[in-house]
Number of protein chains: 2
Amino acid sequence: MAVGEFDLIARWFTRPARRSPLGVGDDCALLRPRPGFQLAMSCDMLVEGRHFLSTVPPQRLGHKALAVNLSDLAACGAQPLGFLLALALPAVDEAFLEGFAQGLWDLAGAHDLDLVGGDTTAGPLNICITVVGEVPEGQALLRGGARPGDDLWVSGTLGDARLALEAFRGRIALDAEAFAQARAAMEQPQPRVALGLALRGVASSAIDVSDGLAGDLGHVLRQSRVGAVVELGALPRSEVLRRQPQPLQAQCLLAGGDDYELLFTAPASSRDAVRAAARAAGVDVARIGHIDDSRQLSVVDGSARTLDLREFRGFDHFGAGPAQS
Amino acid sequence: MAVGEFDLIARWFTRPARRSPLGVGDDCALLRPRPGFQLAMSCDMLVEGRHFLSTVPPQRLGHKALAVNLSDLAACGAQPLGFLLALALPAVDEAFLEGFAQGLWDLAGAHDLDLVGGDTTAGPLNICITVVGEVPEGQALLRGGARPGDDLWVSGTLGDARLALEAFRGRIALDAEAFAQARAAMEQPQPRVALGLALRGVASSAIDVSDGLAGDLGHVLRQSRVGAVVELGALPRSEVLRRQPQPLQAQCLLAGGDDYELLFTAPASSRDAVRAAARAAGVDVARIGHIDDSRQLSVVDGSARTLDLREFRGFDHFGAGPAQS
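The model shown is predicted, which means the values in this text are computed figures rather than measured ones. (Residues numbered from 1 in each chain as written. Chains lettered and ligands numbered in written order. Predicted model: local features only at pLDDT ≥ 70, side-chain atom pairs only at ≥ 80, totals over all residues. Heavy atoms only, no water.)

**With respect to the overall build of chain A**
So, point 1. Within chain A one finds 10 helices and 12 strands.
So, point 2. By sequence separation, contacts in chain A at least 24 residues apart represent 86% of the contacts at least 6 residues apart.
So, point 3. Accessible surface, chain A as shown: approximately 11900 Å² in total, 48% of it carbon and sulfur. (Helix = DSSP H or I, 4+ residues; strand = E, 2+ residues; numbered from the N terminus. Contact = heavy atoms within 4.5 Å. Areas by Shrake-Rupley, 256 points an atom, 1.4 Å probe, with all protein chains shown as cover.)

**Digging into empty space enclosed by the protein**
Residue and element names in this part refer to chain A.
So, point 1. The tally for this structure, following the rule as stated, stands at one cavity of 30 Å³ or more.
So, point 2. Forming the boundary of the largest cavity are 10 residues, of which Phe52, Leu53, Val56, Lys64 and Glu187 lie nearest the centre.
So, point 3. The element contributing the most residues to the lining of the largest cavity is helix α2 (residues 58-76), with three residues.
So, point 4. In terms of residue class, the lining of the largest cavity is built from five nonpolar, two polar and three charged. (1 Å grid on protein atoms, 1.4 Å probe; cavity = no way out; pocket = protein on both sides within 12 Å on 5 of 7 lines; lining within 4 Å. Points joined across faces, edges and corners; volume = space filled by probe spheres on them. Nonpolar A, V, L, I, M, F, W, Y, C, P; charged D, E, K, R; others polar.)

**Focus: the environment of Leu232 of chain B**
All names here are of chain B.
So, point 1. Along the chain, the position of Leu232 falls in the loop between β8 (227-231) and α8 (239-242).
So, point 2. Remark: the alpha-carbon pair of Leu232 and Ala250, spanning 18 residues in sequence, is separated by 7.5 Å.
So, point 3. The contact partners of Leu232, leaving out residues within four places of it in the chain, are Arg237, Ala250, Leu254, Val299, Val300 and Asp301.

**Let's talk about the pairing of strand β6 (residues 151-155) of chain B**
All names here are of chain B.
So, point 1. Most of β6 sits inside the fold, with five of its five residues counted as buried.
So, point 2. Going residue by residue along β6, you find Asp151, Trp153 and Ser155 tucked away on one face and Leu152 and Val154 tucked away on the opposite face as well.
So, point 3. Note that β6 and strand β9 (residues 261-266) share four bridges and pair antiparallel. From the neighbouring strand, Asp151 faces β9, where its bridge partner is Ala266. (Buried < 20%, exposed > 50% of the residue type's maximum accessible area, 1.4 Å probe, protein only. Pairing = 2+ DSSP bridges.)

**Structural notes on the interface of chain A and chain B**
So, point 1. The interface is formed by 64 residues belonging to chain A together with 64 residues belonging to chain B.
So, point 2. Carbon and sulfur atoms supply 60% of the area buried between chain A and chain B, which totals about 5200 Å² over both sides.
So, point 3. In this assembly, chain A and chain B are joined by zero salt bridges.
So, point 4. Between chain A and chain B we count five residue pairs in polar contact (both at pLDDT 80 or more) in total.
So, point 5. Tallying contributions element by element places strand β2 (residues 37-47) of chain A first for the side of chain A that touches chain B, with nine residues.
So, point 6. When grouped by side-chain class, the residues that make up the side of chain A that touches chain B number 37 nonpolar, 14 polar and 13 charged.
So, point 7. Of the strand pairs in this sheet, β2 of chain A and strand β1 (residues 29-31) of chain B are connected by three bridges, and their pairing is antiparallel. Residue Ala40 of chain A lies in a different strand from β1 of chain B, and its bridge partner there is Leu30 of chain B. (Buried area = accessible area lost by both parts, 1.4 Å probe. Salt bridge = Lys/Arg side-chain N within 4 Å of Asp/Glu carboxyl O. Polar contact = N/O pair within 3.5 Å; in protein donor to acceptor, adjacent residues only side chain to side chain.)

**Observations concerning the relation of the copies chain A and chain B**
So, point 1. For the pair chain A and chain B, the superposition axis carries a translation of 0.0 Å, the fit reaches an RMSD of 0.0 Å, and the rotation angle comes to 180 degrees. These values place the two chain copies in the arrangement generated by a two-fold rotation axis. (Least-squares fit on C-alpha atoms with pLDDT ≥ 70 in both.)

**A closer look at the sheet that holds strand β1 (residues 29-31) of chain A**
So, point 1. Strand order in this open sheet of five strands is β1(A)-β2(B)-β5(B)-β3(B)-β4(B), and the pairing throughout is mixed. The open sheet has two edge strands, β1 of chain A together with β4 (114-122) of chain B, and neither has a second partner. Across the sheet, the mean angle separating the axes of adjacent strands is 20 degrees when strand polarity is ignored.
So, point 2. Across the sheet, helix α3 (residues 94-110) of chain B is in contact with β3 (79-89), β4 and β5 (126-136) of chain B; its angle to β3 of chain B comes to roughly 170 degrees. (Axes fitted to C-alpha atoms, helices over the stretch in contact; angles between N-to-C directions.)

In structure tokens, the structure reads:
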């Protein structure tokens, strides 16, 4: 093979560090957090058929692999600093690597991020990124802070990624423009980093919606020991999704997966502050319900009904969920 | 499938945190380094056929997956704090997970480590661990610090892992006891964490030998802009390896891979300090040569000869190196 492991790293995955003393090339990356800050770390592994389809353009895959990790930092209100990339590749495919690296670096550049370490190996395609960010001591947004009476909010729109998946599977038909739009939502999610930062000190809890709204909200409810009422009609959706049958809309909105929007709670007295944070971040937010002390998730549509949490438990990578296979 | 993703995490990969505020269960792990310390991070991905054989007992695989990462911290002189585990599994195999988790937790416990985050997914078996450690500001052992005149040292013994691989491949025959010993070296490497810590302020450079002595020494020479003379006869080896033919011994010692010993340099004036550090860490060290300003690696046996660095460039995961396939 013409290109070896070290050539591969040098050619596609080495750029000058933006932040000292971060950098690739020794046994470890060294990070010096600012005084008064904690480091926040998260790790996501992407596997073909589960997190992306073989049809994804490499540039979008590079973007998505980093985006889903930045989304975790966003959900904690952390400022991204750098990331480690571990990559298993079936072969050194230059066209793939060129596109993948481009998508990765474009998003890294937009967030002023360094690639500080990692690993490459031959093997079935697998992308594992660990992101590192910083957050002022004690200010991280956590899942356990929701309180009865809090408003429940979500950013952006939900469900388009799942809609694209249904179209890829041939279960629904979308016209070309609608498909392109839904597909972009699935393949190029925008991590809500700026919103996460703006919500520090405003939101009482936060999580990113990666496995479906109902499932991820379930994590917040369990960790906060509270319940919630969600108004189905208030869930923000694209025009494309709005044109779909109601049951499909509900499925995509509540259990879609791959949304990478922020789901967060804030006291009702903080509505102006939430809206100001969203404006500052340039992201739409919608108030979709409220927290109560019921320990249950109720979804209210025309006829109010309470969902069994298990009905919409969200994407389970070992269950029969909507894996992209 | 009976066991889902969250059950899997709860059952096998959740233990109370030893160090606050580390812990699993939110979008990110939060780490608070001590004042005056830097964080050191490293990430290794293990793939079947490349980093382990299908014959490896799960408990040893759990050990090894963490050990190879701790070895990177050791090479930086960093004190391990925690790790993130990303795991792709073809299926939820309870016997495998039970053994794997046991090996992982045994080693984590021995180093007082927390599992602070990670990810699990269905997919071809892949283990990606990111370790985090801390090191006093400016005291990390780096690859670029070797100076002409420094002694060259290595810990433990070299080559047994490669010997086991040759036996697994049927290229050599070992008696049962020799095979068991070589196999243990391959499957259960001991990360030299205590030695790395003891060498802070003593060693001028360090790296862990993961891809073969010659290849890894090459990294040190390039980054330090120096050369080295290695005495082949001084390379520490087990009794098992000593019984093999000389050419095989040389291959295993110089380009074996999977040794996870520390290769380090120190001024000749520090020999007593090096030996004291080794005693404190309970690890044997051997002086195997010295650094010069030649920019070349020379290996001296009966008849001194200079090796082309490319001849023993070490394990390349995309080259024709000694992958465990």
